[in-house]
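# Remarks on the overall topology
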Amino acid sequence: NSPNYQNYLLLAEIRFQLGRLYFNANRLDEAVLQLNRALGLAPNHSNSLYVLGLVYKKSGAIDKSIISFKKAVEESPDDWEAYYNLGLSYSLIDSLLEDAVDVFKKSIELDSTNAEVHYHLGMVYGRLGKLAHQIIELQKSVRLKPNYAQARIDLGIAYFNNKQYLSAWEEVKELEKLGHKVPEDFIKVLSRALPRPKN
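Residues numbered from 1 in each chain as written. Predicted model: local features only at pLDDT ≥ 70, side-chain atom pairs only at ≥ 80, totals over all residues. Heavy atoms only, no water.

## Points about unusual backbone geometry
A positive phi angle is found at Asn26, which is not glycine, with a value near 65 degrees. Residue position: Asn26 is located in the loop between α1 (3-24) and α2 (28-41). (Helix = DSSP H or I, 4+ residues; strand = E, 2+ residues; numbered from the N terminus.)

## Some thoughts on the packing of helix α3 (residues 46-58) against helix α5 (residues 80-90)
Contact pair α3 / α5: the axes reach a minimum separation of 11 Å and the direction vectors enclose 25 degrees. Classified by the angle their axes make, α3 and α5 are roughly parallel. Viewed along their axes, α3 and α5 form a crossing whose handedness is left-handed. Residues Tyr50, Leu54 and Lys57 of α3 lie in contact with α5, whose contacting residues are Glu81, Ala82, Asn85, Leu88 and Ser89. Looking at the contact of α3 with α5 residue by residue, the classes come out as 4 nonpolar, 2 polar and 2 charged. (Axes fitted to C-alpha atoms, helices over the stretch in contact; angles between N-to-C directions. Parallel < 35°, antiparallel > 145°, perpendicular 65-115°, else oblique. Left-handed = near helix turned anticlockwise from the far one by under 90°. Contact = heavy atoms within 4.5 Å. Nonpolar A, V, L, I, M, F, W, Y, C, P; charged D, E, K, R; others polar.)

## Describing the side chain of Ser65
With respect to the helices, strands and loops of the structure, Ser65 is situated in helix α4 (residues 62-75). Its relative accessible area of 0% is what places Ser65 among the buried residues. Those residues in contact with Ser65 that sit more than four places away from it in its chain are Gly53, Tyr56, Lys57 and Ser89. (Buried < 20%, exposed > 50% of the residue type's maximum accessible area, 1.4 Å probe, protein only.)

Below, the structure written as structure tokens:
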């Protein structure tokens, strides 16, 4: 490692930190500029690739975000977050839902304790019409994070779609116990399918 190479790495790190600050300040154009400069100095800088993916995703450039996250996971194959965010980008494109499933699973292999990853995998399964798989992932999500209101609501809806009305009512009860508002429309259709249990 020549001193010159070390200088490049140091400069790349500075550009990366600037890019991250701009991203956090929601100044996305400046973030892209700094992160691309970092990658110009150190093309394999996985942190820059990762944050650049986040910037592109936030600004709606989903194709570019996918390219950045794919490079980030090549450089850091043990980074569950990079796989997770690649999955989120894939899940925004209907034709890439199966790819989303694959990378969410990879993320879970690396860290199975994140409720968000299970939730988003569950929701992708739902869009693919795999209701049983959806329910399993959403159950894991609320086990990991019992206060995760959105996951509980969607689990209740998945139970309803699977005609498991008692289980759907259980989720409603849990949500109310936790102080969360359950959508009125859902309560109405659930009551029509099965009146609210007394206990």
